[in-house]
There are 2 protein chains.
Amino acid sequence: MTTETKKIKLTLPDGGLKLEMGGSFSEVEVAYETCGTLSPERDNVVFICHALTGDAHVAGRHEGDVKDTGWWSNMVNPGGGIDTDEFHVICANILGGCSGTTGPSSINPATGTPYGSSFPHITVGDIVTAHKMLLEQLGFQKIYAVIGGSFGGMQALEFSVRFPGFAEKCGVIASGASMTTQALAFDIVGRDLILNDPNWNKGDYYGNGAPRTGLAQARKLAHITYLSGDMMKEKFGRRLRMQEHVENDDIDEHKKFEVESYLDYQGQKFIKRFDANSYLHITRAMDEYDLEADFDSLADSLSRTLSRTLVVALSGDWLFLPKQSEAISKALFKAKKDVSYFCLTAPAGHDAFLTHVEELVEVVANFLTRKPAGATGEVSAEKASDYAKLISMIPENIASILDLACYDGALLRRISIQHPEIRRTGVDMDTDALVKVMRDGCNAMLADVDAGLKNIPDNAFDCAVLSESLQVMKHPDKVLRELLRIAPVGLVSFPNFGMWRIRASLMVHGRMPKTKQLPYEWYNTPNIHLCTIRDFFDLCEKLEIKVEKVEYLSTLKLSKLLNFLGFKNLGSSRVLVKIRR
Amino acid sequence: MTTETKKIKLTLPDGGLKLEMGGSFSEVEVAYETCGTLSPERDNVVFICHALTGDAHVAGRHEGDVKDTGWWSNMVNPGGGIDTDEFHVICANILGGCSGTTGPSSINPATGTPYGSSFPHITVGDIVTAHKMLLEQLGFQKIYAVIGGSFGGMQALEFSVRFPGFAEKCGVIASGASMTTQALAFDIVGRDLILNDPNWNKGDYYGNGAPRTGLAQARKLAHITYLSGDMMKEKFGRRLRMQEHVENDDIDEHKKFEVESYLDYQGQKFIKRFDANSYLHITRAMDEYDLEADFDSLADSLSRTLSRTLVVALSGDWLFLPKQSEAISKALFKAKKDVSYFCLTAPAGHDAFLTHVEELVEVVANFLTRKPAGATGEVSAEKASDYAKLISMIPENIASILDLACYDGALLRRISIQHPEIRRTGVDMDTDALVKVMRDGCNAMLADVDAGLKNIPDNAFDCAVLSESLQVMKHPDKVLRELLRIAPVGLVSFPNFGMWRIRASLMVHGRMPKTKQLPYEWYNTPNIHLCTIRDFFDLCEKLEIKVEKVEYLSTLKLSKLLNFLGFKNLGSSRVLVKIRR
């Protein structure tokens, strides 16, 4: 896939591009790239926002370049996470950058010299405004998706709330609604190093030697935050660097560890391609960004979005923490928006969104694709019949439903067919299974039902389902309470430990029972909190939960007979209950 | 408590104090403080090693100083974690420091000017050698304990292995056997900032303006690593600093956040009290320290120690990670040494060992004290009888025993009385209960038995006990395997779900059973993997575990009768089994 960077001079309104913090640009040039074919309906544009020091060259290979491909070419390629066979991808260098788009090193048309110290204070709002102007001038009044990682995720999020409806979907990866205090602190020290470089000259250093030492130091520091501690250990450990690299005994007396060579290399590589003023302006825009700042809450701020949003956190990321992504998804739940949330196992740390994308590709692909899901979620006839009974118990005229421990969405898929108008969300902790839920227009949330429901606000849903999973919970009582905190109505099904076969097994054989519904050994069973129907009703009474309807389910003939005779606790192998606060 | 810093010129051997990396000192002066009364037997000395930039003023208040107390006065005080009513405490400024002990800013007797660039390369070994010479010259050939936090923990550990038997006990808090790669990286960048300061002059800057900018920057960077992200957020969040602090619009354009004021303040405070050369030499000694380096393994290196060791990690510490402390304790287990391990909840981060010491005080106090434990671990007559039966099943002539899920050590205490010669270690996850185990000379390890036994090496013990806890395990089969990996013999007791009362309860009432041994409700019971005696034997067979002896225990008369008649699975409410690989 051959790509090339193009440049476009934006057509600006009278008075130029006005900036949020005051000032304006009379001219703005934007560097951008495209790949993948635009559909005849012009409805398949995916706009990618790059991270702090990225550029427009997101994918493919530049003509004649045999060495490098675009910075996200492992994500953006034919058949990839952002599939160039399906989508027309656009990526642009950000305002304030130094890779083709107007930035501090660009010539100020008013003076004919580089902006330097006269470059105005820019914000994330200004950056995405320039993005939108680019898209409009390329002829798009609407795009399919906006997506980005790290600082790019902030831009994607801001794009979706600032221009509601412009992007149908929004992907926010390894990012946050603002920087953490710790991340601010690192940036503050980093900027301080540039400002204290003897070459700094208040930013007007062009042609007189740039503040390269400070910029390299800032980059070295930042690079530590891009990797997890585990990844640093794996890459470098405490290994010493080869002695032949020592050029000057006197200075290199303090240089010993391989990790130092790595940081030096990163610093030196960076100063060849990046401008110190751009670094200062962009990191400041990032640090000052706070989606919540002018609103009562993050949910209020995010209530503006009309995009279906995907939020992805990386477990080993300590620059943008998973809890920052959780906060975004929680706020979107609160604002009753379509949101999917995944925290992927990423021992490599923040940079994993660029370097270790295998799982991320699956998540993004399933979120973006409009191709049909195909045959997933097949179940047995017994389960299909149980699901049908459950679906018939869904209250009428509800707007949203949550399926807890939904696995690959077999139940949600059946709900989709009968109730496509209901906003459907599934929760599970199996990433591979859960990604499939996002096809067919359902939302997915990766979470442990036992512990993770704290990220779903009160009354976020109209109905919540817990199908065949009560007994695997560490705290069934708490989960029931959580379920009725999140939704006013719950549909719960579980196996009945009071069924005749189970009683008999223990009574006669003196062994822990095993049945079709409970096939495990006592020591490895996930069913750690079994109960009988009577036990369940007792708990509901204790928790002041109303039992509105009960369906007793049985398969064996003797069970059916017992049920028919009214011995429900003996006859039913499983039970389906509709509960209410 | 009034304290004062004293100075002593060490009497050095011929040729001076020879250094590990070559070179020597012809003169060494050491600044030190003492508090607490020395016992007539001179056997109550606790030597405290200070952290990176600390000094000898560990506790109490200097005469006339109304503002500051010693840096660890919340730990070292009458009745405290290091109780000055019980112990005679000594703390000395380290070699290479700048608070009274010979360091780069001291006058080099050979030249009459400060050492500066001529200060030799020092190591942690050199630092603790000077410590030991100090102690000997104060008249001690043996001390009760050496203890330190952070870099002080490294010194304490090195002291205990380099001078085996000199210190009876050793405390290593929030420390490691070497620095992580990430911590190295931060130090490397920090030193780079000093070396690039225009005032650096290769270290010979005394009298000509010190490299203060670089030193302040290095300190600011280091300070970020001393706090957890959560603590930074709590202290400063994204709050902006008051406008009145802005003195110079031009420079302060980039200064906005409160966290920046904090870092600036820390940097400025530091350069008033610390010397850049000391910072370089001490951080390098710390970075180069690697207890494992000259040995096949950490266990080999630690096999030299004769001290009873306490290792304490802090949960929120990301400079010295809990897994580094785990590695030390695991190696000590492997070397069959007396070791206790705790990971304390410390959301504040690394500095919590100085600032949030409440729990740490309890752990250290229980580890150090020689005062008797008093009446703890009282149990019911039934339990006492069960314990006696268990103790009678301990194999003869064993050297060590491990009690898994030991709580406050009620069983260990009984073993102590009958078998004081056996090395006794308890594992539990309740910190408050577990600290008590360290009294009576037992070791304690804070861990979740279900997940945490990976830190105990194969065959570390001769016998392992799991008393009345099998059924609360998430993975009873794995725990049994772990138990017989750690020790060749296991003593396991558990409640019998096949007992007649339990069977009857389910059979007749159709409810999950509740008995004296199993008093919980189905939804909140910790007993998540119950089994009958038959089930247990089946599992042993499957895991190829030999059942060597079984004691059937019962209290009720009918149960006793059933047992007498041979219906063990019906009659026994609990059972005690001796198993073997």
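The structure under discussion appears in the preceding block.
Residues numbered from 1 in each chain as written. Chains lettered and ligands numbered in written order. Predicted model: local features only at pLDDT ≥ 70, side-chain atom pairs only at ≥ 80, totals over all residues.

With respect to the overall build of chain A
Step number 1: Check the secondary structure of chain A and you find 21 helices and 23 strands.
Step number 2: The C-alpha extent of chain A, read off along each of the three principal axes, is 95 × 60 × 45 Å.
Step number 3: For chain A, the residues scored as buried account for 56% of the 581 residues in total.
Step number 4: Within chain A, counting contacts between residues at least 6 apart in sequence, those at least 24 apart form 71% of the total. (Helix = DSSP H or I, 4+ residues; strand = E, 2+ residues; numbered from the N terminus. Buried ≥ 20, exposed ≤ 12 C-beta atoms within 10 Å, placed from the backbone. Contact = placed C-beta atoms within 7 Å.)

Topic: the interface of chain A and chain B
Step number 1: On the side of chain B, 56 residues touch chain A, which itself brings 56 residues to the contact.
Step number 2: Counting only elements with at least two residues in the side of chain A that touches chain B, the list comes to helix H3 (181–195), helix H4 (212–226), helix H5 (229–236), helix H7 (258–273), helix H17 (476–486), helix H18 (500–509), helix H19 (533–542) and helix H21 (568–571) of chain A.

A few points about the packing of H7 of chain A against helix H3 (residues 181–195) of chain B
Step number 1: Close contact between H7 of chain A and H3 of chain B brings their axes to 9 Å; oriented N to C, the two are set at 60°. Between H7 of chain A and H3 of chain B, the angle is such that the two are oblique. In terms of crossing hand, the pair formed by H7 of chain A and H3 of chain B is right-handed. Taking contact as the criterion, the partners of Val-259, Glu-260 and Leu-263 of chain A in H7 of chain A are, on H3 of chain B, Thr-181, Leu-184, Ala-185, Ile-188 and Val-189 of chain B.
Step number 2: Its residues assigned to classes, the contact of H7 of chain A with H3 of chain B comprises six nonpolar, one polar and one charged. (Axes fitted to C-alpha atoms, helices over the stretch in contact; angles between N-to-C directions. Parallel < 35°, antiparallel > 145°, perpendicular 65-115°, else oblique. Left-handed = near helix turned anticlockwise from the far one by under 90°. Nonpolar A, V, L, I, M, F, W, Y, C, P; charged D, E, K, R; others polar.)

A look at the pairing of strand E20 (residues 463–467) of chain A
Residues and elements named next belong to chain A.
Step number 1: Burial runs high along E20: five of the five residues are buried.
Step number 2: Here E20 shows no split at all, with Cys-463, Val-465 and Ser-467 on one side and Ala-464 and Leu-466 on the other all buried.
Step number 3: The pairing of strand E17 (residues 400–404) with E20 spans four bridges and is classified as parallel. The residue bridging Ile-401 from the neighbouring strand is Cys-463, located in E20.
Step number 4: Once you follow E20 into H17 and on to strand E21 (residues 489–495), the crossover reads as right-handed. (Pairing = 2+ DSSP bridges. Right-handed = clockwise from strand over helix to strand, strands pointing away.)

Points about the pairing of strand E10 (residues 88–92) of chain A
All names here are of chain A.
Step number 1: The element E10 is largely enclosed, with a buried count of five among its five residues.
Step number 2: Residues of E10 alternate between two faces, with His-88, Ile-90 and Ala-92 on one and Val-89 and Cys-91 on the opposite face, all of them buried.
Step number 3: As paired strands, strand E5 (residues 29–35) and E10 are joined by four bridges and run antiparallel to one another. Paired with Tyr-32 across the bridge in E10 is Ala-92.
Step number 4: The sheet contact formed by strand E6 (residues 45–49) and E10 spans four bridges and is parallel. Looking across to E10, one finds that Phe-47 is bridged to Ile-90.

Examining the environment of Lys-256 of chain A
All names here are of chain A.
Step number 1: As for its position among the elements, Lys-256 is in the loop between helix H6 (249–252) and H7.
Step number 2: Distance from Lys-256 to Arg-241, taken between C-alpha atoms, is 5.7 Å for residues 15 residues apart in sequence.
Step number 3: Leaving out residues up to four positions away in the same chain, Lys-256 has contacts with Leu-240 and Arg-241.

Observations regarding helix H7 (residues 258–273) of chain B
Residues and elements named next belong to chain B.
Step number 1: End to end, H7 covers 23 Å across 16 residues, agreeing with the expected 22 Å (1.5 Å per residue, within 8%).
Step number 2: For H7, the full list of buried residues reads Val-259, Glu-260, Tyr-262, Leu-263 and Gly-267. Buried residues in H7, looked at end-on, bunch into an arc of 160°, giving them a common side. In H7, those exposed residues whose orientation departs by more than 90 degrees from the buried face are Tyr-265, Lys-269, Lys-272 and Arg-273. (Expected span 1.5 Å × (residues − 1). Arc of directions from axis to C-beta.)

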